[in-house]
Structures are given as structure tokens and as C-alpha cells.
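Observations on the three-dimensional arrangement
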Amino acid sequence: MSEPAIKIEGLHFSYGKKQVLKGVNLEVPKGSIFGFLGRNGTGKTTLIKTMLGLQKPHSGKCLVGGMDSFTQTLDIRKRIGFMAEDQQMYGWMKVKQIIKWAAGFYPDWDYEFTDKLAVKFGLPMNIKVKELSKGQNSSLALLLALGHRPDIVILDDPTLGLDPIARKDFLRHVIELLQTDGVTVFFSSHLLYEIEPVADHIAILDKGVIVKSCTTEQLRESVRKFVIAPSPQADFSEMQGILDAFQTGNTISVTVEDCDESKRAKIKSMFSNGTQETALNLDEIFEAYVIGNRGSK
Amino acid sequence: MKIQAIIHQQISQLKWQILVCVGLVMVLPVEEFIVGLKDGHGFSGGITVFIAFIIAPLLAGLIACSNVQAEMNDKLYLFWRSKPAGIKLMVAIKYFVGLAISIFIFACPVVFGFIVTFLYNEKVSSGMRMFYIPLCFVLAIMIYSLCFGLNVLIRNTARGWLIGILLTGFFLLLPFLLPLNHKDVFSVFVLLTSRYLIFIIIISVLSFVLSLFATQYDWHLKTNLKSLLWTIAGLVFVLLMLFSSQVANIKILEEKEIQTSFHNENLLNYIGDKVVYKQNEYISTNNDKISLSNVGGTMGQAIPAGLSDGGGRYNHDVYPHDGRLIKQVGDDYYCFYIFAHGGIVKTDRGSSTIEYHGATLYVSKVERSSWVLVREIDLSECLDENVYNVFMAMRIIENKLFVFVDNSLVTYDITNPEDIQQVDAKINVVSMQRYYVFGSAFEKGSEIEIPIVPAEGISEQEKIVLSIDRFYNARNMYESSIVDIFNGEISFYGYNFSTDCFQRYEVMYREPYVIKCRLKESRQSTFLEGLTKQRMNKTFVKNGKLYCVADNTLMVFDIHPDKGIRKLGHFVRLDYRIEDMAVLEDGNMVLHLRWDHLFSPANSVEKEKNYLYLLKGP
């Protein structure tokens with residue numbers, strides 16, 4: 001198995017007394033589009049800042065492209081393309097000026113490529129950045145992140161604030177440009193439906209820890225919801241992997257992770273009145289992971 | 001990384017600020033130039049200096065804030081920080097580009113002033129002074145650096161600027177407030193330069209270093225109005241503490257109102273080492289209170305009334321001022337004083353002055369509670385011709401009385417004061433009309449020569465002390481000395497009113513007729529000391545301490561040669577005047593203070609009050 005593009009082990013980080021990352025472990029396979037999910041304020045941006053070497057973790061290790069993110073920061077940044085949420089740039093610069101400015105940081109800046117991208121994105125080169133629309137602003141930020149042909153692209157909630165059309169347009173560009181190019185994309189978002197069509201791997205961050213990390217397909221397959229009739233002998237306390245359980249009227253819905261045949265059989269044996277098993281979409285899975293009720297009865 | 005691209009970005013980013021600032025600093029000089037030429041008054045550099053001194057440094061702070069703020073916005077910060085550029089290099093470029101812009105803004109009115117001065121030389125007033133330029137320049141650098149560092153840390157333009165300006169004021173005041181002692185770590189910076197240049201540069205460099213680290217480690221100090229107010233309050237508190245610790249750290253043990261009938265009367269005198277109050281009672285300390293014990297009857301005025309008012313016939317001078325060189329022999333008390341008299345003459349310029357004709361040494365004795373004259377010796381032969389300013393001084397060493405009148409020294413044996421005998425013939429001594437060291441701006445290490453007084457019958461050391469005191473402490477030498485002897489090393493101390501320094505000269509060696517001394521140490525007065533002391537009246541050394549009495553201030557210094565001149569205590573009463581001061585045997589001090597009620601009617605009894613203060617010896 002090839003070396004992962006990003007490897008994080010036991011990462012801890014705090015802002016003062018507030019612990020934000022509590023031992024994050026994560027591996028991002030090379031060439032994957034990695035969806036990084038988490039609610040607002042769970043530490044997604046903090047983790048990304050650590051990956052970029054902008055802040056030093058209190059403990060743990062973060063390797064990006066095989067390099068330590070804090071000691072080999074500049075080398076890492078040369079290989080990374082980064083786009084922040086609601087990316088702000090020098091508004092007083094013209095589009096062509098900011099491209100030239102950003103190119104100054106990278107010896108391998110691909111002018112031909114960025115020119116093509118500018119045309120593709122429909123970016124007017126002679127107007128000031130502050131005069132661009134939100135969608136154009138995001139396109140320009142993406143252009144600046146890709147201009148040096150990075151191995152790894154980190155997108156931190158890149159579509160935040162975009163209208164649905166602009167969002168779809170942006171995602172289309174991402175897929176077109178990156179999926180076919182062997183570039184590793186680390187796509188952080190709190191919007192499931194945004195990630196679902198593009199990501200082949202998913203990780204969910206909740207309260208400073210990774211609660212799930214696997215391929216998108218595995219996630220869809222392994223999480224199941226059972227709708228059952230209430231029964232006095234129903235006891236889930238011995239059962240592992242219950243993400244959510246709640247009662248609606250005369251039925252109970254139980255969401256279970258890593259659902260294999262043995263778990264299925266166990267649930268069916270507890271409820272003789274019959275059970276109904278359903279697959280979940282990513283939205284529902286995410287909801288079960290981050291706000292699910294883990295009650296046992 | 002293309003550095004020129006970053007520099008270009010910085011300048012472009014600040015272009016509007018630059019234009020506005022240049023406009024602000026240039027509008028008045030240009031207006032003055034145009035109006036001045038039109039009116040024919042020429043160009044006065046005063047306004048240019050004002051702008052360079054006040055406006056340009058404030059604008060430098062604004063440039064620093066704008067420079068940083070444009071980059072430290074959270075989202076923009078992440079944008080440029082994610083680029084593969086060394087953060088320290090990036091911040092350094094930002095710092096120096098902003099600094100160059102600030103200097104450019106500062107230079108605009110200055111260069112304009114010089115050009116106009118050069119072109120219209122004949123019409124230029126003296127307002128354009130070179131002196132201010134370097135000072136303004138470093139001030140601008142300091143404000144810029146502080147604002148830059150603080151804005152990186154605080155990330156708020158207005159607060160960063162305000163705190164930067166406050167801190168600048170604080171740092172500018174701090175060296176003035178702190179005693180400039182080389183043992184004080186902080187003051188080392190200040191001592192390195194008399195103009196605080198290095199101190200200011202150090203603060204600037206520290207601010208710059210702070211900005212480097214704050215950016216690298218993403219330090220972000222969150223401030224709000226409350227924390228800002230606390231910061232200001234903290235700075236004010238520190239300043240006040242420094243103020244108070246400097247001027248009010250001698251403990252007052254007792255304050256006692258006294259009645260005295262004479263204005264400017266010296267109520268405190270020495271008999272031997274003991275201090276006497278009103279010539280009647282010994283003063284000592286008992287349970288931190290003034291304790292008085294009877295000397296042996298009321299002595300009253302030492303100088304007979306007929307002489308003290310000049311006898312109605314002569315203009316006169318008395319030494320000591322109130323005739324109180326008192327010596328106890330057995331149970332008897334004797335008082336020695338010189339009385340010089342003369343007549344009014346017209347000078348070549350037509351003004352009136354006194355020409356002294358004669359001088360007399362009087363010896364009085366206390367009998368039945370009053371002074372009785374027991375001996376008078378004519379010293380007129382000591383006076384040269386045409387003496388308009390007679391020099392007189394006296395000191396008792398053991399049983400010898402050394403009397404200096406004009407340029408002569410006469411020594412008497414006072415074993416029996418009622419029958420004092422001249423020991424040797426009159427000796428001519430070097431005239432006092434010479435360079436006064438405590439009025440000259442000598443540099444450290446400067447050497448001076450003091451003529452030896454060829455007095456006989458005393459030790460070599462006493463001879464040196466007598467010579468030094470005669471030259472630099474003549475007025476008070478009958479009761480005090482400015483000389484200190486530590487481990488055989490002789491030094492003398494004084495306050496230099498020219499340089500506002502307390503100085504120590506050490507005696508290097510003695511030649512046949514002179515002693516060679518060197519200025520060993522100068523301790524600059526602090527800003528506050530300068531404010532509180534108005535005129536140094538008396539400076540003397542006692543038991544390894546230097547006492548300096550000004551109109552309303554008393555300062556005590558430790559003068560241990562290894563530690564330098566180190567202030568031990570400071571006492572000030574701004575609305576009082578210190579009339580007299582003496583050091584008790586236990587090291588405590590007693591002061592006679594007079595308080596004038598400035599706003600009372602002239603005939604009010606509340607107009608003036610007198611107090612005795614007992615102060616704890618520091």
C-alpha cells in the first residue's frame with residue numbers, strides 16, 4: 001500500500017484551556033477526494049491550520065506528503081494548494097495582479113494553466129478583486145490554489161456563502177480539474193450533499209475526535225436503520241455500534257454502524273414482531289454520528 | 001519568493017494612506033511658505049519642526065497600524081500565511097517597507113524646510129533647527145515599531161494605535177523617572193546614551209521581534225474596551241508608583257509646629273556632633289519623637305545687636321551667616337564669627353557697591369543666658385585693596401581655628417577661647433576667583449587641580465579636606481564638609497547646576513602645591529527630581545551619605561564608591577521651604593520647614609507657619 005498523502009497521529013491542540021483536537025488520527029490516501037465532515041466549531045479549520053503548519057500541535061504528528069507539517073512547513077506549502085472558507089484576498093488588487101503576486105511565491109507556477117483556468121472560469125483579468133461576485137471570488141481562489149500544480153489540494157468549506165448554482169458550478173470545476181489528475185483533494189465541509197457526489201473517502205470529526213473514517217461506499221453500506229415495534233425485552237445495552245435510537249409513536253428507529261449479519265440477526269431475534277431495515281443517505285449517517293441518541297432502551 | 005513583488009504589494013496597499021499623510025504634513029509648511037513669501041516675512045521653520053515632532057510620529061503610528069491591519073484580518077491572514085514564504089521574512093519586509101514609508105512622510109516637511117531654507121537663505125528665521133530632527137526621527141521609529149508590534153498582537157487598528165501612543169509616552173517618561181544609576185539594570189540602557197537614542201532603538205527592536213514571534217505563533221491578544229482601560233490604568237498606576245517612590249520615600253516620624261520670631265533664622269546648629277535647636281536645646285530621637293534637652297541656659301543672638309545691623313554706620317557681612325560656629329570647652333560655650341565691614345562706593349559703571357575696609361574675628365561666650373563678647377581680633381590686614389566681594393570661611397579642627405579672609409589664612413590656637421593665640425604668621429592662599437567645577441560641563445574622567453592650603457599642625461588628609469572644602473564648600477564649611485574618606489580614598493561631592501548632575505570627584509594624587517582630582521561619576525537628575533528641586537542650597541557629606549537640600553526638597557544618597565551615587569531617599573514638600581536641616585547622631589534628620597499661606601491677607605496670622613520635621617534616616 002502506498003504512503004498516504006496525509007497522515008495524522010494522536011494530534012492534540014487547545015486554544016488556552018479549550019481543547020479543540022483530542023487525539024485525531026487520520027489517513028488520507030493518495031489520489032483520493034477525501035471528504036472531511038464536521039459541524040461548525042468541531043475543529044475542522046484548526047486541523048487544516050495544523051496541516052499547513054500555521055500552528056504547532058501540543059502533541060501528535062502531522063505528516064503531509066511524508067513531511068512534518070511544522071518543521072518542513074515551506075516545503076509542504078509548495079506542494080499544497082489551499083483555499084479557505086469564504087476566501088478573502090487583496091481587494092484592491094486586480095485579478096491579473098493577484099495572480100502575478102501569488103505566482104511570486106512558487107517557482108513552478110504554470111501561467112499557461114492559470115490563463116486557461118481564468119478563461120474557463122470566466123474571470124475578468126482587469127477588474128479589482130473586491131468587484132468580483134462571490135462565485136468569481138471562489139473561482140479565483142481556486143485558481144490561485146491550483147496555479148502551481150499542487151499534489152495535494154486542501155479546500156476548507158470552499159462553497160460557503162455561494163448560491164446553489166454557483167456552488168454546483170464550483171464543484172463541477174473541482175471534479176473536472178482534480179478527479180482526473182491524480183491529485184489528492186482534502187475537502188472539508190459541513191454540507192453532506194456537497195461532498196457526497198465527489199468524495200471517495202469520508203471522515204467525520206466530532207468534538208475533536210474522528211468518529212468515522214472509511215470509503216464513502218463502506219460508510220453507506222455499513223450504517224443501517226432498523227424500524228421496530230417496541231418490546232419489553234428489547235435491551236441494546238450489550239450491543240455495540242448503536243449510533244441513534246428514538247421512538248416515534250408505536251415504532252422505534254435504531255441506527256447501527258458496522259452492521260453485519262450477526263448484528264442483524266441479534267436485532268431480529270429481540271423483536272419477534274418484525275423489523276424493517278433501510279439504508280441511509282450520507283446526510284442521515286452524518287446526523288446519526290454527530291447528534292445521534294446513544295440511549296440503550 | 002519575489003521580494004520586490006511583496007514590496008510592491010505593500011506600497012500599493014498603502015498608497016492612499018501615504019498620499020493622505022503627505023498631504024497632512026505638507027499643507028502647513030507649504031501654506032506658510034506661500035504666505036511668508038507673499039508678506040515678505042520669509043519662511044519660518046517652526047511649523048515644520050512642529051509637524052516633524054508631533055504630527056509625523058503620530059502618522060508613523062497610523063501607517064504601522066494600517067500596514068498591519070491590512071494583513072492581519074483573520075481571513076486575509078490565512079490567505080497570505082498559507083503561501084510558501086518564510087513568515088519572519090514576510091513580516092520583516094512589511095515592517096521595513098512601512099518604516100521606510102513613515103520615514104518618507106517624516107522627511108517630506110523636513111526636506112521641504114531645508115530646500116526652502118537653502119533657496120531663501122536670507123529670509124529664514126531660526127525656527128528650523130537641526131537639533132530636533134534626529135530626535136523626531138527616533139521618536140517616529142519608536143511609535144511606528146510599537147504600533148506595528150501591538151497591532152500584530154491585538155489586531156485592532158484603533159486600540160493598537162492608542163496603546164502604542166500611550167506606551168511611547170510611557171517609555172519616553174520612564175528614563176526620566178528612573179534614577180540613572182549604573183547598578184540599576186534598566187538604567188544601563190539609558191546610561192549608554194545621554195539622548196536616550198539606544199533606549200528608544202531597543203524598544204523599537206523589541207517591538208519588531210515581538211511582531212515576528214506573534215505572527216509566527218499566531219499570538220492574538222483579544223482586547224475590549226475594558227481591557228484597554230485596564231491597560232491605561234495599569235500604566236498610570238506604574239507611573240504614579242514611580243513618581244511616589246521617587247519623591248516621598250523618606251518616612252516622617254514627627255511633625256511639630258514651632259514658633260519663631262525671625263525670618264530665615266537658622267534654628268538648627270551643631271555643637272560638636274550634637275544638633276542644637278534655637279541654641280537652647282539639644283535635639284535627639286526618643287521613640288521616633290523629637291526629644292529636647294536643655295543645653296545650659298538661653299543663649300540668644302550670638303552677634304551683638306550693634307554689629308548685626310551694621311551699627312548704623314557700615315555695610316557689613318558676617319560669617320557664618322548668623323554667627324553660630326559654637327564650641328564647647330568644659331561647661332562653657334564659645335561662638336566664633338568674622339565680621340567684615342566697609343562703605344558704599346560708586347563703581348566705574350556708576351552703580352553702588354560695598355568696598356570692604358576691615359574685618360574682625362569675634363569670640364563670644366555664654367554668660368547668664370546671653371552672649372558676651374570676650375575677644376576681638378582685627379583681621380583687616382588680611383584684606384587686599386579694593387575688595388568688593390570679601391571671601392570668608394572658618395573651620396575648627398581639634399583646638400585650631402582656621403580663618404580664611406580674602407586671600408589669607410590665619411590659624412589660631414583656641415585651647416583657651418578667651419585668650420586665643422595666633423599660631424603662625426598670616427599665610428597667603430590662592431585666590432578663590434577660579435573656575436568652579438560644579439558649574440562646568442566636564443565630562444567623566446576630566447581632571448582638575450585644587451591648590452593645597454598650606455595649613456600647619458594638621459594631618460595631610462585634613463589638609464586635603466580643608467583645601468577642597470575651602471574651594472567648593474566655603475559657605476558651609478564651618479559646620480559641614482563635602483569630602484568623604486572611604487578606605488583612605490578621598491572623594492568630594494557636589495551638585496552641578498550646569499549639567500544637573502550629582503558628581504563625585506576622586507583625589508588621584510597630591511603634588512607639592514596642588515591636589516589632582518578626576519571626575520569619577522555623574523548621576524543625572526531624573527525628570528521628577530528636576531521638577532521638584534528648584535535651587536540647591538546645601539550639599540554635604542556625613543557618615544558615608546550625601547545630603548542635598550534644595551528649596552523644598554531633601555535628597556539623600558549612598559556614596560559608597562563601589563556602588564556609585566545611589567539615591568536612598570527623597571523628601572519633598574512643594575508648598576514648604578526647607579529653612580535648615582541637620583543630621584542627628586542616630587542618622588535621623590531634623591528639618592525646619594516654613595509654610596507660606598500665599599492667598600492670605602498680608603496681616604493674617606495664618607500667613608506663615610513653621611514646623612520641625614523629624615525624618616527617618618534612610
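Higher on the page you've got the structure.
Residues numbered from 1 in each chain as written. Chains lettered and ligands numbered in written order. Predicted model: local features only at pLDDT ≥ 70, side-chain atom pairs only at ≥ 80, totals over all residues. Heavy atoms only, no water.

Residues and elements named next belong to chain B. Together, I201, V205, V209, F213, Y217 and W219 make up a nonpolar patch on the protein surface, roughly 490 Å² of accessible area in all. Relative to the elements of secondary structure, V205 occurs in helix α9 (residues 197-216). Residue V205 is classed as partly exposed on the basis of its relative accessible area, which comes to 44%. (Patch = residues over 30% accessible without salt bridge, like charges linked within 9 Å, V, L, I, M, F, W, Y side chains within 5 Å. Areas by Shrake-Rupley, 256 points an atom, 1.4 Å probe, with all protein chains shown as cover. Salt bridge = Lys/Arg side-chain N within 4 Å of Asp/Glu carboxyl O. Helix = DSSP H or I, 4+ residues; strand = E, 2+ residues; numbered from the N terminus. Buried < 20%, exposed > 50% of the residue type's maximum accessible area, 1.4 Å probe, protein only.)

The strands making up a sheet are joined through hydrogen bonds of the backbone, oriented either antiparallel or parallel. Residues and elements named next belong to chain A. Pairing is antiparallel across the open sheet formed by four strands, whose spatial order is β2-β1-β4-β5. Two strands lie at the open edges of the sheet, namely β2 (18-28) and β5 (67-68), each paired on one side alone. Across eight bridges, the pairing between strand β1 (residues 6-15) and β2 is antiparallel. Its bridge partner lying in β2, I6 is registered against V28. Helix α1 (residues 44-51) rests against β1, β2 and β4 (59-64) of the sheet, and its axis sits at about 115° to β1. (Pairing = 2+ DSSP bridges. Contact = heavy atoms within 4.5 Å. Axes fitted to C-alpha atoms, helices over the stretch in contact; angles between N-to-C directions.)

In this section: the nonpolar core. Ranked by size, the top nonpolar core spans 103 residues in total, and within it I98, W101, L140, L142 and L144 of chain A carry the most contacts. Counting residues per element, this core draws most heavily on helix α5 (residues 87-119) of chain B, which supplies 13 residues. The residues contacting L140 of chain A, other than those within four sequence positions of it, are M89, V95, I98, I99, L123, V129 and L132 of chain A. Ranked by size, the runner-up nonpolar core spans 40 residues in total, among them C382, F404, I427 and V429 of chain B. (Core = buried A, V, L, I, M, F, W, Y, C linked by side-chain atoms within 4.5 Å.)

Attention now moves to the interface of chain B and chain A. With 25 residues of chain B in contact, the opposing surface of chain A contributes 25 residues. When the two sides are added together, the surface that chain B and chain A hide from each other amounts to roughly 2,400 Å², 66% of it contributed by carbon and sulfur. Ranking the residues of chain B by area buried against chain A places L78, F79 and P84 of chain B at the top, with a combined share of 29%. At the junction of chain B and chain A, the tally comes to zero salt bridges. Inspection of the region where chain B meets chain A yields four residue pairs in polar contact (both at pLDDT 80 or more). Counting residues per element, the ones that place at least two in the side of chain B that touches chain A are α1 (3-13), α4 (74-81) and α5 of chain B. With six residues, the top contributor of residues to the side of chain B that touches chain A is α4 of chain B. Grouping the constituent residues of the side of chain B that touches chain A by class yields 11 nonpolar, seven polar and seven charged. (Buried area = accessible area lost by both parts, 1.4 Å probe. Polar contact = N/O pair within 3.5 Å; in protein donor to acceptor, adjacent residues only side chain to side chain. Nonpolar A, V, L, I, M, F, W, Y, C, P; charged D, E, K, R; others polar.)

On to empty space enclosed by the protein. Where empty space is left becomes clear once a probe the size of a water molecule has been rolled over the atoms. Residue and element names in this part refer to chain B. Enumeration according to the criterion identifies three cavities of 30 Å³ or more in this entry. Its boundaries defined by the atoms lining it, the largest cavity holds a volume of some 50 Å³. Along the walls of the largest cavity sit V68, E71, M72, W80, V91, K94, F148, V152 and T215, which together make up its complete lining. Put simply, the parts of the chain that give the lining of the largest cavity at least two residues each are α3 (46-72), α5 and α6 (132-154). Broken down by element, the residue count for the lining of the largest cavity peaks at three residues, all from α3. Among the residues making up the lining of the largest cavity, the classes are represented as six nonpolar, one polar and two charged. (1 Å grid on protein atoms, 1.4 Å probe; cavity = no way out; pocket = protein on both sides within 12 Å on 5 of 7 lines; lining within 4 Å. Points joined across faces, edges and corners; volume = space filled by probe spheres on them.)

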